[in-house]
Amino acid sequence: IEKFPEIAKEWYQPLNGDVTPADVSCRDTNEYYWKCQYGHIYKMAVGKKTSTDIPYYCPICSKSYRTSFTEQLIGFYMEKVYEVTMNYKIDRLLELDVYMPEIKTAVEYDGWRWHNGEKHVRNSKRKHEYCNAHGITLYHVKECDGTDGIEDGCVIYNFKNKNYQLLIDHICQLIGRERITVDI
C-alpha cells in the first residue's frame, strides 16, 4: 500500500504483528487493524480501504455521518438518565436509533429525507416486529414542518423551529419520565 501514503499512516502496527504496510498490496482481502486520526481502532481489508472514495474512511466515525444532529441530541439527553446505545443493531441490516435497555425502550427519529417510501415502511414494520417479540417499547419522532405535539403515540417534531426542549419534553411524556432540561 505504499502507493497510498495517506492510508499507510493509519496502519496500526501494535495489532498487526510482524506485517507492515510494505508487506501488503492495495487489493489485499485480509483484514488488518487501522487507527483513524481520531483514535478509533478498527479492522478492515486493505482492498476495501484503498477502494473507497474516502481514503480516511473509519466505520466508527462514519456512524456520526449517518446520524442526524437531532437523533444525536435525543441520545445525548436520554443518556443523562438512562444507559443509551445509539444505532443498536437488531440484525445485519437494521438498527434502532436510540435504545435504552434499562427500560426496554427505543426511539426512532424519522427525518423526512430518509424515512419516506416503501423501503422505510418495510424496515419500520420489521423494527416493530422485532421490538414486539423482544418486549421493547418503540416510539417514533416524526419530522414535519407543521405543529409540534404527540399524535397516536408518536412525537411530531417541527424541525424548522428547533425547539429541542419541547422535543425532549414530548419524549419524556411518552416514556413516563420527568423533565430533562435541554441546555443548548
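For the structure itself, look to the data block above.
Within each chain, residues carry numbers counting from 1 in the order of the written sequence. Local features in this predicted model are restricted to residues whose pLDDT is 70 or higher, and side-chain atom pairs enter the listing and the counts only when it is 80 or higher, whereas totals over whole chains, interfaces and linings include all residues. To obtain the side-chain values, all non-hydrogen atoms of the structure were included, while hydrogens and water were left out.

## Looking at the pairing of strand β5 (residues 105-110)
- Note on exposure labels: buried denotes an accessible area under 20% of the residue type's maximum, exposed denotes more than 50%, and partly exposed covers the range between, all computed with a 1.4 Å probe on protein chains only. Labels follow the DSSP assignment, with helices taken as runs of H or I lasting at least four residues and strands as runs of E lasting at least two, numbered in each case from the N terminus. Across the six residues of β5, six count as buried, placing the element largely inside the fold.
- Burial of the side chains of β5 extends over both faces: Thr105, Val107 and Tyr109 are buried on one face and Ala106, Glu108 and Asp110 on the other.
- Should DSSP find at least two bridges between two strands, the strands are regarded as paired. Hairpin geometry of strand β4 (residues 95-100) and β5 is characterised by an intervening segment of four residues between the two adjacent antiparallel strands and by a positive phi of about 45 degrees at Lys104.
- Sheet topology note: the β5/strand β6 (residues 137-144) ladder contains six bridges and is parallel. Along β6, the bridge assignment pairs Ala106 with Leu138.

## A closer look at the side chain of Asp97
- In this fold, Asp97 is placed in strand β4.
- There is no salt bridge for the buried Asp97, and the closest opposite charge comes from Lys127, which lies 4.8 Å off by N-O distance.
- We call two residues contacting when some pair of their heavy atoms lies within 4.5 Å. If we skip the residues at most four places from it in the chain, Asp97 touches Glu71, Thr85, Met86, Asn87, Val107, Glu108 and Tyr109. Asp and Glu are treated as the negative residues and Lys and Arg as the positive ones, with His and the ends of the chain left uncounted. Here a salt bridge means any side-chain nitrogen of Lys or Arg lying within 4 Å of a carboxyl oxygen belonging to Asp or Glu.

## A look at the packing of aromatic side chains
- Planes of paired rings set the category: under 30 degrees apart is stacked, over 60 is edge-to-face and the rest tilted, where pairs are Phe, Tyr or Trp rings (Trp by its six-membered ring) whose centres lie within 6.5 Å. Counted by the stated rule, this structure contains six aromatic pairs.
- Residues Trp11 and Tyr32 carry aromatic rings whose centres are separated by 5.0 Å and whose planes lie at 40 degrees to one another, so their mutual orientation is tilted. Placement of the pair is Trp11 in the loop between α1 (5-8) and β1 (31-35) and Tyr32 in strand β1, with a sequence separation of 21 residues.
- Under the relative-accessibility criterion, Trp11 is labelled buried at 9%.
- On the accessibility criterion, Tyr32 (11% relative accessible area) is buried.
- Measuring from centroid to centroid gives 4.9 Å for Phe76 and Tyr77, while their planes differ by 85 degrees, and the two rings are edge-to-face.
- Judged by relative accessible area, which is 1%, Tyr77 ranks as buried.
- The rings of Trp11, Tyr32 and Trp34 are connected pair by pair, giving a single aromatic cluster.
- Residue placement shows Lys49 over the ring face of Trp34; its charged tip is 5.5 Å from the ring centre. Counted as over-ring charges are cases with an Arg CZ or a Lys NZ within 6 Å of the ring centre that also lie within 35 degrees of the ring normal.

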